[in-house]
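Summary of structural features
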Amino acid sequence: MTSYGNRLTTLASITALRAAQTNGTSDMPAVPPPPPPPPPRTPPAGVRPGLPPVLIPTPIAVTAVADTDSGAVDQAKMDVFLSGNFHALSEAAVVAWRISAAFSLLAPLVLFSTLLAIVAPGLAGVLLLISTPALFGILVWWLPKARWRRWRWRLGPEALHLRFGVLIRRSEHVPYFRIQHIELVNGPIERWLGLTTLTVTTASASGAAVLPGMSQTDAPALREALLLRAQAAVAEHGEDSRDAV
């Protein structure tokens, strides 16, 4: 009975204490309520619940870049070429021809000097002193400049006209409707000097026409102008006209 009475007393005390805390009359501190449960977490973009995260690529902004190709055609130069006037080659062609002539003359000069020293040792030194400056003066210095002064070309109404030659003057006419292929070629010396050789292949027995010493900035414009004239001529004369010789 005592144990049962103690339990009733303890239960009554707990009930009275809770009532006093509820009414604010108890000296004991109030027990704080439990904190609210945390809100459910929202998975980030690209992550699905219960599955490993999936990487979504971030879009990259693409900026348009202007085409600055060095081979771009200059319309103003095309208009100048299509005017029908005669034009000279680039003056840098003189330097290129002089360098080529010097290298071409070097090997024959060494061979000639060797043979002369064997056949006539006494005259070898005298002849070399006389012939070497004369050959270099004529073939290396004077001839390239004279060759450049004689070179002229123009785009006529019906054909490409070429005029060249120092001792023997030559004139070539390349009809536009015969043009099959146009090629731009430059060797090491020409690249160093900014030059290009334009070769026009035709459907005729005369073969290809060569226009050397063109500036690298003028050659693409001339090529496009020739292509325009060739396309117009083929449209006028017909495709079969190219095979005529």
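Below is a short write-up of the structure. (Residues numbered from 1 in each chain as written. Predicted model: local features only at pLDDT ≥ 70, side-chain atom pairs only at ≥ 80, totals over all residues. Heavy atoms only, no water.)

1. So, the overall build of the protein
Condition: Numbering of helices and strands runs from the N terminus, with a helix taken as a DSSP run of H or I at least four residues long and a strand as a DSSP run of E at least two residues long. Exposed residues in this analysis have more than 50% of their type's maximum accessible area, buried residues have under 20%, and partly exposed residues fall in between, with area computed by a 1.4 Å probe over protein chains only. Note on contacts: a residue pair qualifies if any of its non-hydrogen atoms lie within 4.5 Å across the two residues.
Along its length, the protein carries six helices and six strands. Listing the helices and strands of the protein from first to last along the sequence gives α-α-α-α-β-β-β-β-α-β-β-α. The buried share among the 245 residues of the protein stands at 27%. The contacts of the protein with a sequence gap of at least 6 include a subset with a gap of at least 24, amounting to 54%.

2. Observations regarding the sheet that holds strand S1 (residues 152-155)
Two modes of strand pairing occur in sheets, parallel and antiparallel, and in both the strands are linked by backbone hydrogen bonds. Stated precisely, the cut-off is as follows: Strand pairing is defined by DSSP finding a minimum of two bridges between the two strands. Angular values range over 0 to 180 degrees, each being the angle between N-to-C directions of two axes fitted as lines to C-alpha atoms, with helices fitted over their stretch in contact.
The strand order across the open sheet formed by three strands is S1-S2-S3, and the pairing between neighbours is antiparallel. Two strands lie at the open edges of the sheet, namely S1 and strand S3 (170-175), each paired on one side alone. Averaged over all pairs of adjacent strands, the angle between strand axes in this sheet comes to 10°, irrespective of strand direction. Taken together, the four bridges between S1 and strand S2 (residues 159-164) define a ladder with antiparallel strand orientation. Bridge assignment links Leu 155 to a residue of S2, and that residue is Leu 160. Packing of helix H6 (residues 219-237) onto the sheet brings it into contact with S1 and S2, and relative to S1 it is tilted by some 45°.

3. Thoughts on the nonpolar core
Convention followed: To define a nonpolar core, start from buried Ala, Val, Leu, Ile, Met, Phe, Trp, Tyr and Cys residues and group those joined through side-chain atoms within 4.5 Å.
Within the largest apolar cluster, 32 residues are counted, with the highest numbers of intra-cluster contacts made by Trp 153, Leu 155, Leu 160, Leu 211, Leu 222 and Leu 226. Contributing elements (two or more residues each) for this core: helix H2 (75-81), helix H3 (92-119), S1, S2, strand S4 (179-185), strand S5 (195-202), strand S6 (209-215) and H6. For this core, the element with the highest residue contribution is H6, accounting for seven residues. With sequence-adjacent residues up to four places away left out, Trp 153 is seen in contact with Phe 81, Asn 85, Phe 86, His 87, Ala 88, Leu 89, Leu 160, His 161, Leu 162, Leu 211, Met 214 and Leu 222.

4. So, the sheet that holds S6
Overall, antiparallel pairing links the three strands, which are arranged S4-S5-S6 in an open sheet. Lying at the two open borders of the sheet, with one neighbouring strand each, are S4 and S6. In this sheet, adjacent strand axes meet at a mean angle of 20° when their direction is disregarded. Pairing analysis gives six bridges linking S4 to S5, with the strands arranged antiparallel. Across the sheet, residue Ile 179 finds its bridge partner in S5, namely Thr 202. This element, H6, spans S4, S5 and S6 of the sheet and lies at about 175° to S4.

5. Examining H6
For the α-helix, the turn length of 3.6 residues means that residues three or four positions removed from each other point alike. This is how it is decided: Helix span is expected to be 1.5 Å times the residue number reduced by one.
When the terminal C-alpha atoms of H6 are compared, their 26 Å separation across 19 residues agrees well with the 27 Å that a helix rising 1.5 Å per residue should span. Every buried residue belonging to H6 is among Ala 219, Pro 220, Ala 221, Leu 222, Ala 225, Leu 226, Ala 230, Ala 233 and Val 234, and all of these are buried. The secondary structure elements touched by the buried residues of H6 are H2, S1, S2, S4, S5 and S6.

Keep in mind that these numbers describe shape and distance, not what the molecule does.
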